[in-house]
Each structure stands twice: as structure tokens, then as C-alpha cells.
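Read off the chains here:
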Amino acid sequence: MQVPSDDEIRALHAKHAPTPEAFDRVYTHCVIVADIAGRLLADSNSAADPALVRAGSLLHDIGVYRLYNAAGTLDHAHYIRHGVLGREVLTEEGLPEALCRFCSCHTGVGITREDVRTQDLPIPEADYLAESEEEQLVMFADKFHSKSEPSRLVSAPTAADRLRRFGEEKELLFKTLLDRYGEPDLRPFQERYGHVLV
Ligand SMILES: [Fe+2]
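Computed from a predicted model, the values in this text were never measured in an experiment.

*Asks:* Which residues make up helix α4 (residues 82-92), and what values do they have?
*Replies:* All of the buried residues in α4 are His 82, Gly 83, Val 84, Leu 85, Gly 86, Val 89 and Leu 90. Close packing links the buried residues of α4 with α1 (6-16), α3 (50-59) and α5 (97-104). Following α4 by one or two positions, Gly 94 has its phi on the positive side, about 80 degrees.

*Asks:* Provide a residue-level description of the sheet that holds strand β1 (residues 145-146), including the pertinent values.
*Replies:* The sheet built from 3 strands is open, its strands ordered β1-β2-β3 with mixed pairing. Since the sheet does not close on itself, it has two edges, and those belong to β1 and β3 (196-197), each with one partner. Pairing between strand β2 (residues 152-153) and β3: 2 bridges, direction parallel. By the bridge assignment, Leu 153 is partnered in β3 with Leu 197.

*Asks:* Go over the coordination of the iron ion, please, and point to the residues and values.
*Replies:* Note on metal geometry: ideal angles are 109.5 degrees for four donors arranged tetrahedrally and 90 or 180 degrees for six donors arranged octahedrally. Around the iron ion, the protein contributes the donor atoms His 29 (NE2), His 60 (NE2), Asp 61 (OD) and Asp 142 (OD), which lie 2.1 to 2.2 Å from the metal centre. Each of the 4 donor atoms around the iron ion contributes to a set of angles spanning 83 to 169 degrees, which defines the coordination as irregular. One chain supplies every donor to the iron ion, and in sequence these donors are spaced H-x30-H-D-x80-D. Of this pair, His 29 sits in helix α2 (residues 20-42) while Asp 61 is found in the loop between α3 and α4, placing the two residues 32 residues apart along the sequence. Across the pair, exposure class does not vary: His 29 and Asp 61 are buried alike.

*Asks:* Any details on α1? Residues and values, ideally.
*Replies:* Each turn of an α-helix holds 3.6 residues, which means side chains three or four residues apart point in the same direction. Taken residue by residue, α1 has Ile 9, Leu 12 and His 13 as its buried positions. The arc that holds every buried residue of α1, seen down its axis, measures 100 degrees, which confines them to one face. Exposed residues on α1 whose side chains face more than 90 degrees from its buried face are Asp 7 and Lys 15. As for α1, its buried residues are in contact with α2, α3 and α4.

*Asks:* Give a detailed account of the state of the cysteines, specifying residues and quantitative values.
*Replies:* Enumeration according to the criterion identifies 0 disulfides in this entry. The cysteine Cys 30 is free of any disulfide, with Cys 103 supplying the nearest cysteine sulfur at 8.7 Å. Residue class for Cys 30 comes out buried when judged on its relative accessible area of 0%. Distance from the sulfur of Cys 105, which forms no disulfide, to the nearest cysteine sulfur (Cys 103) is 8.7 Å. Classification of Cys 105 as buried rests on a relative accessible area of 3%.

Cut-offs and rules
- Residues numbered from 1 in each chain as written.
- Predicted model: local features only at pLDDT ≥ 70, side-chain atom pairs only at ≥ 80, totals over all residues.
- Heavy atoms only, no water.
- Buried < 20%, exposed > 50% of the residue type's maximum accessible area, 1.4 Å probe, protein only.
- Helix = DSSP H or I, 4+ residues; strand = E, 2+ residues; numbered from the N terminus.
- Contact = heavy atoms within 4.5 Å.
- Pairing = 2+ DSSP bridges.
- Donors = N, O, S within 2.8 Å, 3.2 Å for Na, K, Ca; no water.
- Tetrahedral: all angles 85-135°; square planar, octahedral: opposite > 155°, others 65-115°.
- Arc of directions from axis to C-beta.
- Disulfide = S-S within 2.5 Å.

Put into C-alpha cells, the structure is as follows:
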């Protein structure tokens, strides 16, 4: 599979971002997630493909751009849709399924068909679960940075607390990944980006 380069992915973000502010917020988050995932992978005995992990990290939130209105305001109420929207963006761009999936399966620690039903989520009823090791790593790394205003780095205890709100099984799944990959050192990102750690 042809994995797009960092420059090609940056150009895709620039093409789909509705405003420079949206680009800055989403693309910076994706770069941080890519760097966190890369470090976790390097420190693990995982056989995941580093190029695929990086491209998947850089692309995973590209669907967020479709949630901005003409005035540049993000539709928070439908934020959960950004995964399926991202998958649509990448499919339209002709990217392979293996890359499109990073968009649709990174939210939380995965969304089940039952979650869609019981929480009445505004997405088609299906399982949106990270399956490959690359998908799991991107999903896990994503939990350590938030695009909230202002953007924040998120410690493992805070990430676990956030996931617990969606059910104990979500927190447990996160802790399984934490046991496997460890907690990333977020201090270099604090220094480089000036984002607080919560
Ligand atoms: Fe993300």
C-alpha cells in the first residue's frame, strides 16, 4: 500500500480546513498524536508498521473540518460524527480503506453498535472498533491530547476518568492499552507547544 507522506497529508489538511484557525487546531493535534504514537511504538515490542501509524495519526481527525459552519464555528453537538465524516473525506480522496479506517475507529476506545443504539448517536448503527495494532495505537495515543479550547495534554488518570463516564468497560479497555504501551512522557509536548497537562 502506498502510504502518503507527511507533506501530502499536510496538503490534504490545508485543502479541507475551512479556516487557518481550524487547520492550526486540528493539524497541530494530529502532529502531536503522531509524535506520541511514534514514541509509544518505539518504546514497545509492537510489530506495528511505523509509517502506517504515522499516516493514520496525521489523518485520523480530518473529518472534523466538515463540522465547521460558514462562520468558522465547530458543531460540538455532532462532534461524534467526525469519524465517519473523515472516512468519507479520505474515501473521496481515493485513499485506501486501511487509511480511511483510522478516522472511523479512533473515537474514545471504540464505539460499538450497542453504544450507537443506547446513546442514540447520530451515526449509522455499526461497530467502529480499532482492530489492527496500528489502529489501536492511534486510538490510544489520541487520548493524551485534546483539541479543546485551549488545547491540552491529557494524563493517563484524566483520560481514564473521561472514559469511565461512558462505562467501566471503556476505562478497562484503556487500561489494557496502558498496560501494553505504557504512559507516554508528555513533558516534551508541554515545552514545545505550551499546552497545559490536565
Ligand atoms: Fe484526535
